[in-house]
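A look at the structure
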Amino acid sequence: MEWLAERSGETVILTTIDREAGLVVYAECIDSRQPVRYVVPPGSTRPLYCSAAGRLLLAFQDEAFREQYLETTPLRALTPLTVTDRAALRRILAQTRRDGISVTVGETVRGAAGCAAPVFDADGGVSRALLVGAPADRFEHEMPRLTALLREAAARASERGAGPPATLMPHRRKPANQAKGVGAS
């Protein structure tokens, strides 16, 4: 998290899923040092359906949980940009799972944006995600750089926890010896 906060210049949050409540929980936060920044206290929660980390975590849950959540959770617009159409949300979740990243701009809080990537558990499951939060205008300008840094940080965090199967991390870098075609012994 410190590595990502330093390089991104934005707020970095470790999130977890509360499956019972159907919420994402902001567990640990490192606030940006910039004068205009996204700040959220640890312990804060957001809905799964409209926040970057919530969508990411929802996308990586088992299908039965996802469908139960989508069928029973009222999808209320928190801002004019909040996606509340279930079919559209299912498409977004499928894309999130394929891409291994979730991005929202102004859907949960006006003027705020975020991107999240999974931190894989040792068994390949996802119960945590890294989130970069920023003011929307700066985020949109910096999005390619921020998502690249986020992917790298999430891959590093996943490797520390025994990581995911390689096929679950779309932009995961190979170790230098494998990239050169040298096999592991």
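Here the residue index of a chain counts from 1 through its sequence in written order. Where totals are concerned, whole chains, interfaces and linings use all residues; where local detail is concerned, this predicted model gives features only for residues with pLDDT of at least 70, and gives and counts side-chain atom pairs only at 80 or more. Working from all heavy atoms in the structure, the side-chain values ignore hydrogens and water.

To continue, consider the side chain of Ser32. Each helix is a run of DSSP H or I of at least 4 residues and each strand a run of E of at least 2, with the numbering of both proceeding from the N terminus. Inspection of the secondary structure assignment puts Ser32 in the loop between β2 (23–30) and β3 (45–47). Ser32 gets classed as buried once you look at its relative accessible area, which sits at 5%. Pairs of N or O atoms within 3.5 Å make up the polar contacts considered here, provided that, within protein, one atom can donate a hydrogen while the other can accept it, and that residues adjacent in sequence are counted only when both atoms are side-chain atoms. Within the structure, the side chain of Ser32 is placed 2.7 Å from the backbone oxygen of Gly9, a separation counted as a polar contact. When near neighbours in sequence (up to four residues on either side) are disregarded, Ser32 contacts Gly9, Glu10, Thr11 and Arg37. Three exposure classes are used, based on accessible area relative to the maximum for each residue type with a 1.4 Å probe and protein chains only: buried under 20%, partly exposed in between, and exposed over 50%. Residue contacts follow a heavy-atom distance rule, with two residues in contact if any of their heavy atoms lie within 4.5 Å.

All right, on to helix α5 (residues 136–160) then. Helices are assigned an expected span. That span is 1.5 Å times one less than the residue count. Spanning 25 residues, α5 covers only 31 Å between terminal C-alpha atoms, well under the ideal 36 Å at 1.5 Å per step. Note that the bend at a residue is defined as the angle between axes fitted to the seven residues ending at it and the seven residues starting at it. When the local axis directions of α5 are compared, the greatest deviation, roughly 75 degrees, occurs at Glu142, which is followed within four positions by the proline Pro144. Taken together, the buried residues of α5 touch α1 (2–8), α4 (86–99), β4 (102–105), β5 (112–120) and β6 (126–135).

Bridge count between strand β1 (residues 11–18) and β2: 7 bridges; the pairing is antiparallel. Bridge pairing in β2 places Thr15 opposite Tyr26. Two strands pair if DSSP finds at least two bridges between them. Here β1 folds back onto β2, and the loop between the two strands holds 4 residues, one of which, Gly22, carries a positive phi near 70 degrees. Relative to β3, β2 runs antiparallel, the two being bridged by 3 bridges. Opposite Leu23, over in β3, you have Pro47 as the bridge partner.

Attention shifts here to empty space enclosed by the protein. Lining residues are those with an atom within 4 Å of a point, where the points come from a 1 Å grid over the protein atoms alone and group into cavities, where a 1.4 Å probe fits but cannot get out, or pockets, open sets with protein on both sides within 12 Å along at least five of seven lines. Grid points are joined across faces, edges and corners, and a volume is the space filled by probe spheres set on the points. Scanning all chains against the criterion turns up 1 cavity of 30 Å³ or more. The wall of the largest cavity is formed by 15 residues, among which Tyr26, Tyr38, Thr104, Thr108 and Ala113 lie closest to the centre. Elements that contribute at least two residues to the lining of the largest cavity include exactly β5 and β6. Residue contributions to the lining of the largest cavity peak at 3 residues, all from β5. Under the scheme applied here, ten amino acids are nonpolar (Ala, Val, Leu, Ile, Met, Phe, Trp, Tyr, Cys and Pro), four are charged (Asp, Glu, Lys and Arg), and all others, including Gly, are polar. Residues of the lining of the largest cavity, tallied by class, amount to 7 nonpolar, 6 polar and 2 charged.

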